[in-house]
Amino acid sequence: MSKIGFIGLGIMGSPMAGHLVKAGHEVTGYDIGPKGLEKLKEAGGSAAASVAEAVRDKDIVITMLPQDEQIEEVFPDIVEHAVHGTLYIDFSTITPKTAKWTAEQGKKNGLRVLDAPVSGGENGAINAALSIMVGGSAADFAAATPIFETVGKTFALVGSSGAGQCVKAANQLVVGGTYALVAEAILLMENLGADAAKGLDVLAGGLAGSKILELKRETMLARNFVPGFRIDLHHKDMGIILQAAREAEVSIPMGALTAQLIAAGRAMGYGSLDHSGLLLVAEALSGRGEA
């Protein structure tokens, strides 16, 4: 079992750290809020008062933070206080550029670095069923496999440093676009007089089936948008996607439209809702729903 420093005990990081404790690892966590620290202590882990304390003398350091700015803020402390040879796994969703920067700086300072963004939302984290896309070396991926097995269900090495973030961008592109289309399908059926619930059941069993239809059709029909993954965060991710597409000189017109729909949802005040709340945006564009 490993000694692990875990930074970022939010909606995703908290259950992930809990799984590692249950697996027998010695986990010391740090977060700017007290809620995640309390949960970790209740699970059997330890709370640190700083990033430096969390990462000192650890075999593995893990971060699960909202965006690039937080990674850029904590990474210097990780580099300064982690021991030579520490395996650093970043589960955050950030830009490929920042992921490559952490890999370069980490290597210079004796760290082994993997970018390993996840997909699956809060339920995936709670059920240890996350999909994990990993960028880095094969040797470091092999060393991290017991961690991935503990918090995830599907994981793969998809390329060198930064590649994990590239695949996560593609994931968020598909997820956002699917939510937008499912929202439109619901409105179409409801306003043409069809039984939308039975209609979605049929769609879920055919070629139009998806994980989103499997897990979210009932809550979308009920207009229940309790967040598993907030529109605010998907808005951030769409910015990463558009930036990456620009750098790669790849045209993504459907992605650009999806980004606008998500931005509209945020502007309408829906940023704290689940990203399935794109249904509210579709309703507004059609003059339906609440004003």
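Residues numbered from 1 in each chain as written. Predicted model: local features only at pLDDT ≥ 70, side-chain atom pairs only at ≥ 80, totals over all residues. Heavy atoms only, no water.

### Examining the nonpolar core
Stage number 1. Ranked by internal contacts, the top residues of the largest apolar core, which has 29 residues, are F6, M16, I62, I89, F91, I132 and F148.
Stage number 2. Sorting elements by how many residues they give to this core places helix α7 (residues 138–151) first, with five residues.
Stage number 3. Leaving out residues up to four positions away in the same chain, I62 has contacts with I4, G5, F6, I7, L20, I89, F91 and I147.
Stage number 4. Of all hydrophobic cores here, the second largest spans 28 residues; its members include V182, A183, I186 and L261. (Core = buried A, V, L, I, M, F, W, Y, C linked by side-chain atoms within 4.5 Å. Buried < 20%, exposed > 50% of the residue type's maximum accessible area, 1.4 Å probe, protein only. Helix = DSSP H or I, 4+ residues; strand = E, 2+ residues; numbered from the N terminus. Contact = heavy atoms within 4.5 Å.)

### Let's talk about the pairing of strand β2 (residues 26–30)
Stage number 1. Extensive coverage of β2 is indicated by the burial of four of its five residues.
Stage number 2. Relative to β2, strand β1 (residues 3–7) is paired through five bridges, and the arrangement is parallel. Residue pairing for β2: I4 is matched across the bridge by V27.
Stage number 3. For the crossover that starts at β1, traverses helix α1 (residues 13–22) and ends in the parallel β2, the hand is right-handed.
Stage number 4. Relative to strand β3 (residues 46–47), β2 is paired through two bridges, and the arrangement is parallel. The residue of β3 that forms the bridge with T28 is S46.
Stage number 5. Once you follow β2 into helix α2 (residues 34–43) and on to β3, the crossover reads as right-handed. (Pairing = 2+ DSSP bridges. Right-handed = clockwise from strand over helix to strand, strands pointing away.)

### Section: the pattern of salt bridges
Stage number 1. Overall, the coordinates contain ten salt bridges when judged by the stated rule.
Stage number 2. Residue R223 pairs with E283 through a salt bridge whose shortest N-O separation is 2.6 Å. Of this pair, R223 sits in the loop between α10 (211–221) and α11 (231–248) while E283 sits in helix α13 (residues 278–285), and the two are 60 residues apart along the sequence.
Stage number 3. Here D232 makes a salt bridge to R266, at a shortest N to O gap of 2.9 Å. Here the residue D232 occupies a position in helix α11, and R266 occupies one in helix α12 (residues 253–270), the gap between them amounting to 34 residues.
Stage number 4. The network of salt bridges with common partners includes E190, R223 and E283. (Salt bridge = Lys/Arg side-chain N within 4 Å of Asp/Glu carboxyl O.)

### Description of the packing of aromatic side chains
Stage number 1. Overall, the coordinates contain six aromatic pairs when judged by the stated rule.
Stage number 2. Plain terms: the ring middles of F141 and F148 are 5.8 Å apart, the flat faces sit at 35° to each other, and that makes the pair tilted. Across the pair, exposure class does not vary: F141 and F148 are buried alike.
Stage number 3. Both rings, one in F141 and one in F155, keep their centres 6.2 Å apart while their planes meet at 50°; by these two values the pair is tilted. (Phe/Tyr/Trp six-rings, centres within 6.5 Å; stacked < 30°, edge-to-face > 60°.)

### Looking at unusual backbone geometry
Stage number 1. A positive phi angle is found at A128, which is not glycine, with a value near 55°.
Stage number 2. Considering the arrangement of structural elements, one finds A128 in the loop between α6 (121–126) and β8 (130–135).
Stage number 3. We note that R223 has phi near 55°; this positive angle belongs to a residue other than glycine.

### Some points on the packing of α12 against α13
Stage number 1. Look at α12 against α13: their axes get within 9 Å of each other, and the N-to-C directions meet at 90°. As judged from the angle between their axes, α12 and α13 are roughly perpendicular. Each of L261, I262, A264, G265, M268 and Y270 in α12 lies in contact with α13, whose residues at this interface are L278, L280, V281, A284 and L285.
Stage number 2. Partitioned by chemical class, the residues of the contact of α12 with α13 number ten nonpolar, one polar and no charged. (Axes fitted to C-alpha atoms, helices over the stretch in contact; angles between N-to-C directions. Parallel < 35°, antiparallel > 145°, perpendicular 65-115°, else oblique. Nonpolar A, V, L, I, M, F, W, Y, C, P; charged D, E, K, R; others polar.)

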